[in-house]
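Residue-level listing of the chains:
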Amino acid sequence: MLESYLTWLMEELATAGSSLLDLRKRVSLWYLLSAVGFAFVVFYWRYGKHGWQRLLPYVSPKVWLSRSSRTDVGLWLCNRLLLALLIPKTLTHALWISGLYYYWQKQGLTPLGLGWSTTWVMVLFTFCYVIADDFSRFFTHWCLHKVPMLWAFHQVHHSALVLTPFTVFRTHPVEGVLFFMRSLCVQSVMVSVFLVLFPNQVSLWQIYGVLVTTFLFNVLGANLRHSMVVLSYGPRIEKWLISPAQHQIHHSTDVAHYDRNFGVLLAIWDRLFKTWLPGNDQQTLKFGTGRAIDRTGVIGHWWIPMMDCADVIRHGVAKRCRNLKKRLTIREP
Ligand SMILES: [Zn+2]
Ligand SMILES: [Zn+2]
């Protein structure tokens, strides 16, 4: 029993380690390096030969060896193990795609028969998928801030005092499950609908289009948004794409920055929801929630949100009881 548990543990840890070399993962060695290359070119272009100095926080041992950064890595590994136990291996995207494929057909969805070439189908699929995926990420993130019960869990991501690319993994397992469900919904719905509407034209090429977009997003500095390197995309591009500087504003302790820049790829959702704030290279920010959770380890980051969530539920129930009592007293003659 113990032996098989240890084997499983070692296998999961080895998978986590090898994911650092996987081009499909955002935090892979290749994208960590390409982020440096991308920022180097931009800083050189903007600030000349001394521009590279702006990259120094990216490799600072003070940042990487800080307690906050060690907690990021601890949460990454511990959450991986916990979610591997919680989410059944049978709950795959393929299973949901095939289930939905038959469901849409039963609902009367039929092929469009437009006679489009596979290239055009791929372009349409990539466009729809990227939009749906990015909006669902934005909206889930918006809910995590606006619903007190969900904020109790999302505060884990905001408790980082310094940002490193591993801060992206700094989440509570409950948030991990939420984002897993989000990805399951978006991928299954999009792929199954396209399979019905464009039969025999759904091939790896369509998925390839999405992979290319993700690849570009990762190559062009996705990892810089969780780093101490301040890089804006400039006034014109900032309006359309979320820059590292914009996401750093999202982590800022400044009250004026609360609930700003929820987006991941596109800035248009934040502009529509009036939560957009452009970043700039000169901004200096402090990070964290200012609460005790900022200085705790993995156990604290698992435990405190559950206590906070229980508090929110308790207060909610007490408030409802008070309101009900008030209404009943008013009705009494
Ligand atoms: Zn957030
Ligand atoms: Zn973040």
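Reading the values: rules and limits
- Residues numbered from 1 in each chain as written.
- Chains lettered and ligands numbered in written order.
- Predicted model: local features only at pLDDT ≥ 70, side-chain atom pairs only at ≥ 80, totals over all residues.
- Heavy atoms only, no water.
- Helix = DSSP H or I, 4+ residues; strand = E, 2+ residues; numbered from the N terminus.
- 1 Å grid on protein atoms, 1.4 Å probe; cavity = no way out; pocket = protein on both sides within 12 Å on 5 of 7 lines; lining within 4 Å.
- Points joined across faces, edges and corners; volume = space filled by probe spheres on them.
- Nonpolar A, V, L, I, M, F, W, Y, C, P; charged D, E, K, R; others polar.
- Donors = N, O, S within 2.8 Å, 3.2 Å for Na, K, Ca; no water.
- Tetrahedral: all angles 85-135°; square planar, octahedral: opposite > 155°, others 65-115°.
- Buried < 20%, exposed > 50% of the residue type's maximum accessible area, 1.4 Å probe, protein only.
- Phe/Tyr/Trp six-rings, centres within 6.5 Å; stacked < 30°, edge-to-face > 60°.
- Core = buried A, V, L, I, M, F, W, Y, C linked by side-chain atoms within 4.5 Å.
- UniProt positions renumbered as here; feature names shortened; annotations may be inferred.
- pLDDT = per-residue confidence, 0-100.
- Axes fitted to C-alpha atoms, helices over the stretch in contact; angles between N-to-C directions.
- Parallel < 35°, antiparallel > 145°, perpendicular 65-115°, else oblique.
- Left-handed = near helix turned anticlockwise from the far one by under 90°.
- Contact = heavy atoms within 4.5 Å.

Comments concerning the environment of I299
For I299, the position within the fold is in helix α13 (residues 298–331). In the structure, I299 is positioned 224 residues away from L75 in sequence and 9.0 Å away in space, judged by C-alpha atoms.

A look at the layout of surface pockets
Here the second largest pocket defines a volume of roughly 250 Å³. Around the second largest pocket sit 15 residues that line it, and W151, H158, S252, Y258 and G288 are the ones nearest its centre. In terms of residue count, the dominant contributor to the lining of the second largest pocket is helix α7 (residues 148–158) (three residues). When grouped by side-chain class, the residues that make up the lining of the second largest pocket number two nonpolar, eleven polar and two charged.

Describing the coordination of the zinc ion (ligand 2)
Protein coordination at the zinc ion (ligand 2) comes from H157 (NE2), H226 (NE2), H247 (NE2) and H251 (NE2), with a distance range of 2.0 to 2.1 Å. The site at the zinc ion (ligand 2) holds four donor atoms, and with the angles between them running 94 to 153°, its shape is irregular.

Describing the coordination of the zinc ion (ligand 1)
Protein-derived coordination of the zinc ion (ligand 1) comes from H141 (NE2), H145 (NE2), H154 (NE2), H158 (NE2) and H250 (NE2), at a distance range of 2.1 to 2.2 Å. Ordering the donors of the zinc ion (ligand 1) by residue number gives the pattern H-x3-H-x8-H-x3-H-x91-H. Placement of the pair is H141 in helix α6 (residues 118–146) and H158 in helix α7, with a sequence separation of 17 residues. The buried category is assigned to H141, whose relative accessible area is 8%.

Observations concerning the packing of aromatic side chains
Inspection of every chain in the model, using the stated rule, returns 18 aromatic pairs. Between F40 and Y44, the aromatic rings sit 6.3 Å apart at their centres with planes inclined by 20°, giving stacked as the arrangement. With a gap of four residues between them, F40 and Y44 both fall in helix α2 (residues 29–47), about one helical turn apart. Between F43 and Y47, the aromatic rings sit 6.1 Å apart at their centres with planes inclined by 45°, giving tilted as the arrangement. Note that F43 and Y47 are positioned in helix α2 at a spacing of four residues, about one turn of the helix.

Regarding the nonpolar core
Ranked by internal contacts, the top residues of the largest apolar core, which has 15 residues, are A39, F43, L55, Y58, L224, V229 and L231. In terms of nonpolar packing, the next biggest core, distinct from the first, is built from ten residues, I97, V121, V186 and F194 among them.

Let's talk about the UniProt feature "transmembrane region" (unreviewed entry) in the chain
Look at the UniProt record and you will see "transmembrane region" (unreviewed entry) annotated at residues 29–47, 81–104, 111–132, 152–169, 176–198 and 204–224. In the segment residues 29–47, helix accounts for 100% and strand for 0%; the C-alpha atoms at its two ends are 27 Å apart. End C-alpha to end C-alpha, residues 176–198 measures 33 Å, and it is 96% helix and 0% strand.

Concerning the confidence of the model for the chain
The predicted structure's coordinates, where accompanied by low pLDDT, should not be read in detail. Mean pLDDT over the chain stands at 88; residues scoring 70 or higher make up 95%. For the chain, the element scoring lowest by mean pLDDT is helix α9 (residues 204–219), at 70; helix α12 (residues 268–272) scores highest, at 97.

As for the packing of helix α1 (residues 2–18) against helix α4 (residues 67–86)
For the pair α1 and α4, interaxial distance at closest approach is 10 Å and the crossing angle is 125°. Classified by the angle their axes make, α1 and α4 are oblique. Taken as a pair, α1 and α4 cross one another with a handedness that is right-handed. Contact residues: W8, L9, E12, L13, T15 and A16 in α1; W76, L77, R80, L81, A84 and L85 in α4. Classifying every residue of the contact of α1 with α4 gives nine nonpolar, one polar and two charged.

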